[in-house]
Amino acid sequence: MNSDQADAINQAIRLLSLRHRARAAALLAPLGLHPGQEALLLELARTGPMIQAQLSEALGCEPPSVTLMTRKLDASGHISRYPDPTDKRATVVELTDSGKALADRVKDVWRALAEETVTGLPAKTVAELPGILNTLTANVDTRRPDSRRHGLNGEYKPSALGFVREHVEQIMRTGTTDGVTMKGRPLVLMTYRGAKTGAIRKTPVMRVEHDGHYAAVASNGAQPANPQWYPSLLAEPVVELQDRTTTRQYRAREVFGDEKALWWRRAVDTFPDYAGYQRQIDRQIPVFVLEPISDAKGR
């Protein structure tokens, strides 16, 4: 890349960021909101009550910033805060009825802003844009070591969920994913870096494969919130996937539009319960496509 290309890219991203934020501020002002507060309201509308630390991780904000936003929204009557019954040191944040109504208005504003932002772009480009922007964001993330160059090295932190630990331990002990199933359907092992801790995490996912590419479906068993690995893949999309005895490195890319519909059909064909999960919950289940970026190696 020459200096003119670099300047054009950096200037375009800088101006987009500045002008998008300014336009968002103008649209949110009639609602009595400042940029950032709308993201907090929308996250709570998607997931339901959250511990404040989890909300900080989901938004990609420092805890003091989230604390300030929750105080202001609490004072406005849009959220309530109370101690977590299971951990008195943690604070649960929940939308009030006023907050739920405001979140619905924010969705309309957010939709209008998105439509305004992509005016003039082909539909195919619009569908691909979230994945492109997520990749750009991950490329300049300074919060953790660059695993794209150095691999997924670091301390492995087992899951708090017993059945996940048992599956992972079996795969690590036997060296293969053979025999590890869910409702009789085969699983593969995904290794990734945790967004909050930077530790190495491992989780089995349903084996949805097509032409050497895989899907990772963030169903979370029809829970109202996305699985913990969802924000981690957005923050650091390079993962390792083990299928039977073969492991290789992949780049995870969330898909949308027609591409998501295609992979969703493949996922449901593989594991029909996904369709039932989607009917049970309000959130749209995210789908990532894992694209190979390294040669396969046996284990």
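Residues numbered from 1 in each chain as written. Predicted model: local features only at pLDDT ≥ 70, side-chain atom pairs only at ≥ 80, totals over all residues. Heavy atoms only, no water.

Participant: What exactly am I supposed to notice about the environment of threonine 117 here?
Facilitator: Inspection of the secondary structure assignment puts threonine 117 in helix 5 (residues 97-117). For the pair threonine 117 and leucine 16, spaced 101 residues apart in sequence, the C-alpha separation works out to 9.3 Å. (Helix = DSSP H or I, 4+ residues; strand = E, 2+ residues; numbered from the N terminus.)

Participant: I'm lost on the pattern of salt bridges in this one. Help?
Facilitator: Close approach of charged atoms allows side chains of opposite charge to pair. Summed over the entire model, instances satisfying the criterion amount to 11 salt bridges. The closest approach of N and O atoms between arginine 244 and aspartate 178, which form a salt bridge, is 3.7 Å. A residue pair is termed long-range when its members are at least 10 positions apart, and arginine 244 in the loop between strand 9 (238-243) and strand 10 (246-254) and aspartate 178 in the loop between helix 8 (162-174) and strand 4 (181-182) qualify at 66 residues. Residue classification places aspartate 178 among the partly exposed residues on the basis of a relative accessible area of 45%. Two residues, aspartate 273 and lysine 183, come together in a salt bridge whose shortest N-O distance is 2.5 Å. One end of the pair, aspartate 273, is in helix 11 (residues 273-280); the other, lysine 183, is in the loop between strand 4 and strand 5 (185-193), with 90 residues separating them in the sequence. Residue classification places aspartate 273 among the partly exposed positions, given a relative accessible area of 25%. The exposed category is assigned to lysine 183, whose relative accessible area is 62%. (Salt bridge = Lys/Arg side-chain N within 4 Å of Asp/Glu carboxyl O. Buried < 20%, exposed > 50% of the residue type's maximum accessible area, 1.4 Å probe, protein only.)

Participant: What's the story with the packing of aromatic side chains in this structure? I'm lost.
Facilitator: The geometry of an aromatic ring pair is captured by the separation of the ring centres together with the interplanar angle, meaning the angle of the planes. Per the counting criterion, the structure on display carries 7 aromatic pairs. Through pairs of rings, three or more aromatic residues link up here, namely Trp264, Phe271, Tyr274 and Tyr277. Geometry around tyrosine 156 places lysine 202 over its ring, the cationic atom sitting 5.8 Å from the centre. (Phe/Tyr/Trp six-rings, centres within 6.5 Å; stacked < 30°, edge-to-face > 60°. Lys NZ or Arg CZ within 6 Å of the ring centre and 35° of its normal.)

Participant: Just to check I follow, could you spell out the pairing of strand 10 for this structure?
Facilitator: Along any regular strand, the residues point their side chains to alternate faces of the sheet. In terms of strand pairing, strand 9 meets strand 10 through 6 bridges, oriented antiparallel. What sits directly across from valine 239, in strand 10, is tyrosine 250. Here strand 9 folds back onto strand 10, and the loop between the two strands holds 2 residues, one of which, arginine 244, carries a positive phi near 60 degrees. Of the pairings in the sheet, the one linking strand 10 to strand 11 (residues 287-292) comprises 5 bridges and is antiparallel in character. When the bridges of strand 11 are listed, alanine 252 appears paired with leucine 290. (Pairing = 2+ DSSP bridges.)

Participant: Just to check I follow, could you spell out the packing of helix 10 (residues 257-270) against helix 11 for this structure?
Facilitator: Each packed pair of helices is defined by two parameters, the angle between the axes and the distance between the axes. In the contact formed by helix 10 and helix 11, the axes pass within 6 Å of each other and the chain directions differ by 115 degrees. Contacts between helix 10 and helix 11 involve Trp264, Ala267 and Val268 on the former and, on the latter, Tyr274, Ala275 and Gln278. Taken together, the residues of the contact of helix 10 with helix 11 break down into 5 nonpolar, 1 polar and no charged. (Axes fitted to C-alpha atoms, helices over the stretch in contact; angles between N-to-C directions. Contact = heavy atoms within 4.5 Å. Nonpolar A, V, L, I, M, F, W, Y, C, P; charged D, E, K, R; others polar.)

Participant: Got a minute to help me understand the packing of helix 2 (residues 37-47) against helix 3 (residues 52-59) in this structure?
Facilitator: Contact geometry for helix 2 and helix 3: axes closest at 11 Å, N-to-C directions at 115 degrees. Between helix 2 and helix 3, the angle falls in the class roughly perpendicular. As helix 2 runs across helix 3, the sense of the crossing is right-handed. Residue-level inspection shows Ala39, Leu40, Glu43 and Leu44 of helix 2 in contact with helix 3, the latter providing Leu55, Ala58 and Leu59. Its residues assigned to classes, the contact of helix 2 with helix 3 comprises 6 nonpolar, no polar and 1 charged. (Parallel < 35°, antiparallel > 145°, perpendicular 65-115°, else oblique. Left-handed = near helix turned anticlockwise from the far one by under 90°.)

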